Every structure is written in structure tokens, then in C-alpha cells.
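# Topology and contacts: notes
Okay, here's what each chain looks like letter by letter:
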Amino acid sequence: MVEQLGYVQVDSINVLDRAHHMILGTRLDGYRPEHLAHSLEGTRTLWEHWTHDACIIPTKWYSHWKHRFDRYGKRVEGSSWWASQFGDDPAKVIRRTLARVKREGPLKARDFEPPETHRSSGWWEWHPEKAALEYLWRSGRFAIARRVRFEKVYDLAERVFPEAYGLARSSQANHIDWACREAITRIGIATPTEIARFFSAVTLSQARAWCAQAVARGELIDALVSNEQQGLKPTKCVALKNWKALCPAPNTDRIALLSPFDPVIRERARVERLFGFEYRFEAFTPAAKRVYGYYVLPMLEGDAFIGRIDPKFDRAKDTLVVRGPWWSPGVKVNKTRKRKLDTAIDRLANQIGAANWKMSL
């Protein structure tokens, strides 16, 4: 499923469940976190690194991430923010952190004692060794061996992925072709910007050039996407030649509740262009200015977004509390649709382990 999607985002917000578990649980009935742990920590067919954000991705693509490792190393070297996190002697901190993990094995950031002078006043203000751990991970020397209560456990990449680590870096041309081809294969119809942003692995100019070449080769077709009902201007895109055949008959028997980090709704402008559904993530919006709520889940029925709910897991009472629903304009609210929503909330409650749920307007 992760390979089919291309990536599954990891996020720290735990109002209901971690984003990666919600994304997979929406698609796989009976999914449990230990299923993912088996592939991440057992067979190592999946691993965690960055696309547009921290994500779980197929290990078989590891050689393409070596381009990212190089870019990240150069980015950190030229960053005043990173320099401020490392302290007075960045090279010494990095060498010391690398040596300790090499000597002792997998370690968490809390295994390193921060300097007495360090005072963290925010989420992104790390002590020097935490910054070194992150730098060594993002630049490819370390890998995430596992997570313990969501906390990263770092180890040498060659110990975690000995076979993948030894692979040669893909060529630049092969890397661009891979990134663009894998993106459009999963998106079907997209702008060059959306193709470039899918893995955040290539530049917009590289994606544009690849699209033009793919159209010239007859692999893709030019497309114009419009949504007259929303009054949006037509958007120039490229599309797979057989995009219609790749669209299955929509399943209207059930309603899917999507995580705010679900790949389907990551590109908000694209969702509005194709489906006429405006969605904004309001977790970082002051409560008084939110339109719907903190962790709103879009409701997908077939190929239509029919509304949204704002759920929260009250762990003290073992109850899933659901605000809403807010139905989309034009959606007919009948007994059948309400029953499907109840079933969807039942599935969500079961997935997160809530004993019961209730609506709270």
C-alpha cells in the first residue's frame, strides 16, 4: 500500500492516532500498527526519511535518496539556523555524536545530556546533539532504526540497511525520470508543479522539461482541467494517456474519513480544482478563527467529498467525540448516508481503540 501511494506521511499530532496509521487504516480494513512495524523494523522493506515532509517510503528507492542526502548536507552547511543549533563547534559535536552511536549502537536524543547552558524555548530549538542526530539522519549517515513511543531511535544507516546503503547513487538523469514518472503514475493528471512537489526530489524546471519530453515521446498527453461549477480558471496539466482506464468505478457503499495528511488531499488547490472541495488544515489557526475545528477529517464517498467532521479521542473517558458533520452544499442528507457515516465513525473508533463514540455539536 505504501508503494502504491508513493509515501505515507508521519506526523506528531495525536488527536486520534498518528497520521501514518490513519492513512493506512483508511485503506486497509483490520490494519494495526504492528503490521507497519513489521515492514519498518523487521523486513526493512520500508524506511523513514523526507519527501515533502517526514514520510515512510519503500526501501527499494533508497539509491534515489542519496541525491537528497547530498543536498541536505550542503543545505545545513550554509544555514545559520543549523549553525545556531550545533553550538560553538559544530564539527566537534557531529563527530562526537557519530562516534557514540557507532560505539554504543542505537540511541535516542534523550540519551544525550544537553549542556547545562542549554535552554529550549520551542519545538524546533534542539540541544546540539539532537541537532547532530537530525543532521546525520537527514544527510544519510544515520537511519531511524525504530521509534519508541514515537521518539526516533538513531543508528548507523549501514547497520540498519546494509544492502540498500551499499547501492550506488542513481544518475541525475535516471533520478529525474524516476521522480517524475513515479509521481505522474500515481497522480494521473497533474501540473509540473504537482509532479515536482510529489516527492520534492526534483526542481520545477526539471519537472517541466521532463513533462515536455514525455509529451513529445507520446508517453503523456496535454490536458486542460476545468471546474465550471466552481468558476475556476482552466489549468494546464499533463496526463497519462490511459487515465480514464485507471479510474475505477467509485465505491459509494461506504464513506472514508481522510487524515489531514492523507496523500489524496495534500495538494489543496488540486482537490479544489478536481473535486470542488475547499479544505484547510486549521490545527495551527487560533481557536477563535477556526471555521470547523482543530483536526478536521474530510468525508469521501465514491469520487465526491461530501462534508467533514471534527473528531477528538477523549482518552480519559475512552470515547471518540465527534463534532459535526458539516455536509457539502448540494449533498442530500438521507438515512442511508447517515448510516454510512455512522459506520465510518465506528471503523475509526475501532481503529484508534475507543470503546464508544458520541456526536457533540
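Described below are features of the structure shown in this document.

Rules of the game
- Residues numbered from 1 in each chain as written.
- Predicted model: local features only at pLDDT ≥ 70, side-chain atom pairs only at ≥ 80, totals over all residues.
- Heavy atoms only, no water.
- Helix = DSSP H or I, 4+ residues; strand = E, 2+ residues; numbered from the N terminus.
- Rg over C-alpha atoms; globule rule 2.2 N^0.38 Å.
- Buried < 20%, exposed > 50% of the residue type's maximum accessible area, 1.4 Å probe, protein only.
- Contact = heavy atoms within 4.5 Å.
- Areas by Shrake-Rupley, 256 points an atom, 1.4 Å probe, with all protein chains shown as cover.
- Lys, Arg positive; Asp, Glu negative; His and termini not counted.
- Charge placed at Lys NZ, Arg CZ, Asp CG, Glu CD.
- Pairing = 2+ DSSP bridges.
- Axes fitted to C-alpha atoms, helices over the stretch in contact; angles between N-to-C directions.
- Parallel < 35°, antiparallel > 145°, perpendicular 65-115°, else oblique.
- Nonpolar A, V, L, I, M, F, W, Y, C, P; charged D, E, K, R; others polar.
- Core = buried A, V, L, I, M, F, W, Y, C linked by side-chain atoms within 4.5 Å.

The next point concerns the overall build of the protein chain. Scanning the protein chain from terminus to terminus reveals 14 helices and 13 strands. Its C-alpha atoms give the protein chain a radius of gyration of 22 Å, near enough to 21 Å, the size a compact globule of 361 residues would have. Taken along its principal axes, the extent of the C-alpha atoms in the protein chain is 65 × 60 × 40 Å. Taken over 361 residues, the protein chain has a buried fraction of 48%. Residue pairs in contact within the protein chain that sit at least 24 positions apart in sequence constitute 58% of those at least 6 positions apart. Here the protein chain has roughly 18,800 Å² of accessible surface; of this, 51% comes from carbon and sulfur atoms. With 58 positive and 42 negative side-chain charges, the protein chain shows a separation of 2 Å between the mean positions of the two kinds.

For the bond from glycine 324 to proline 325, the omega torsion is 0°, close enough to zero to count as cis. Inspection of the secondary structure puts proline 325 in strand β12 (residues 319–327). Here the phi dihedral of serine 200 falls at roughly 50°; this positive angle occurs in a residue that is not glycine. Relative to the helices and strands, serine 200 is located in the loop between α11 (192–199) and α12 (204–216).

Positionally, serine 39 belongs in helix α3 (residues 33–42). Overall, the relative accessible area of 18% leaves serine 39 in the buried class. For the pair serine 39 and threonine 59, spaced 20 residues apart in sequence, the C-alpha to C-alpha distance is 9.8 Å. In contact with serine 39, not counting residues within four places along its chain, are Arg44, Thr45 and Leu46.

The subject of this paragraph is the sheet that holds strand β6 (residues 189–190). Strand order in this open sheet of three strands is β6-β8-β7, and the pairing throughout is antiparallel. Both edges of this open sheet fall to β6 and β7 (220–227), since each of them pairs with a single strand only. Across the sheet, helix α13 (residues 268–275) touches β6, β7 and β8 (232–240), and the angle it forms with β7 is around 75°.

Between helix α10 (residues 172–187) and α12, the least distance of the axes is 10 Å, while the angle of their chain directions is 75°. On the basis of the axis angle, α10 is roughly perpendicular to α12. Facing α10, whose interface residues are Gln172, Ile176, Asp177, Cys180, Arg181 and Ile184, α12 presents Gln206, Ala207 and Trp210. For the contact of α10 with α12, the residue count by class is five nonpolar, two polar and two charged.

Our next topic: the nonpolar core. One finds Trp65, Ile184, Ile195, Phe199 and Trp210 to be the most contacted residues of the largest nonpolar core, which totals 35 residues. Mapped onto this core, the elements with two or more residues apiece are β3 (54–58), α4 (62–77), β4 (142–148), α8 (157–160), α10, α11, α12 and β8. When residues of this core are assigned to their parent elements, the largest contribution, seven residues, is made by α10. What tryptophan 210 contacts, discounting residues up to four positions off in sequence, is Ile176, Asp177, Cys180, Arg181, Ile184, Arg217 and Leu220. Counting residues in hydrophobic clusters, the runner-up holds 33 residues, among them Leu16, Tyr279, Ile309 and Ala349.

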